[in-house]
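One letter stands for each residue in the lines below.
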Amino acid sequence: MHITVEISYYPLVDGYDQPVFELLELLEEHPQLRVEPGTMSTLIAGEYDAVMLLLSQSMKTLMANYPSVFNLKIANACEVK
């Protein structure tokens, strides 16, 4: 099943840009997924299992290092073009 996720990340630290860049680097390491960074959120599209595994690993890594808030929207009916 193909899904699209809109993720917004809010690291609760001074210098919040560093953790945001770390998230983008983690997401972009997976060429089988489509990643479209935006100003307020990032879109990730691909097969369900691959996207969810990436999200789980990435969020766990960042939450281990920074107090964090993630906001996710997950859809199987909104394709990134």
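For the structure, see preceding data.
Residues numbered from 1 in each chain as written. Predicted model: local features only at pLDDT ≥ 70, side-chain atom pairs only at ≥ 80, totals over all residues. Heavy atoms only, no water.

S.K.: I'd like to hear about the overall build of the protein chain, residue by residue, with values.
M.R.: Broken down by element type, the protein chain carries 2 helices and 4 strands. Along the protein chain, helices (α) and strands (β) appear in the sequence β-α-β-β-α-β when read from the amino end. Based on the C-alpha atoms only, the size of the protein chain along its principal axes is roughly 35 × 20 × 20 Å. Considering the protein chain as a whole, with its 81 residues, one finds that 35% of them fall into the buried category. (Helix = DSSP H or I, 4+ residues; strand = E, 2+ residues; numbered from the N terminus. Buried < 20%, exposed > 50% of the residue type's maximum accessible area, 1.4 Å probe, protein only.)

S.K.: Kindly report on the packing of aromatic side chains, identifying the contributing residues and their values.
M.R.: The final tally for this structure, using the stated rule, is 1 aromatic pair. Both rings, one in Tyr 9 and one in Phe 70, keep their centres 4.4 Å apart while their planes meet at 10 degrees; by these two values the pair is stacked. Placement of the pair is Tyr 9 in strand β1 (residues 2-11) and Phe 70 in strand β4 (residues 68-75), with a sequence separation of 61 residues. (Phe/Tyr/Trp six-rings, centres within 6.5 Å; stacked < 30°, edge-to-face > 60°.)

S.K.: Pulling in residues and values, what's your account of the pattern of salt bridges?
M.R.: Going through the model one piece at a time under the given rule, you end up with 2 salt bridges. The partner of Lys 73 in a salt bridge is Glu 6, with the nearest N and O atoms 3.2 Å apart. Of this pair, Lys 73 sits in strand β4 while Glu 6 sits in strand β1, placing them 67 residues apart in sequence. Judged by relative accessible area, Lys 73 falls into the exposed class, the value being 53%. Put simply, Arg 34 and Glu 36 hold a salt bridge, and the shortest N to O gap is 2.9 Å. Take Arg 34: its relative accessible area is 39%, and that puts it in the partly exposed class. (Salt bridge = Lys/Arg side-chain N within 4 Å of Asp/Glu carboxyl O.)

S.K.: Kindly report on the sheet that holds strand β3 (residues 42-47), identifying the contributing residues and their values.
M.R.: In space, the 4 strands of this open sheet follow the order β2-β3-β1-β4, with antiparallel pairing throughout. Unpaired on one side and paired on the other, β2 (34-37) and β4 mark the two borders of the sheet. Taking each pair of neighbouring strands and ignoring which way they run, the sheet shows an average axis angle of 20 degrees. Sheet topology places β2 next to β3; 4 bridges connect them, and they run antiparallel. Pairing of Arg 34 across the sheet is with Ala 45, part of β3. Strand contacts of helix α2 (residues 48-65): β1, β3 and β4, with the helix running at about 135 degrees to β3, the strand carrying the most contacts. (Pairing = 2+ DSSP bridges. Axes fitted to C-alpha atoms, helices over the stretch in contact; angles between N-to-C directions. Contact = heavy atoms within 4.5 Å.)

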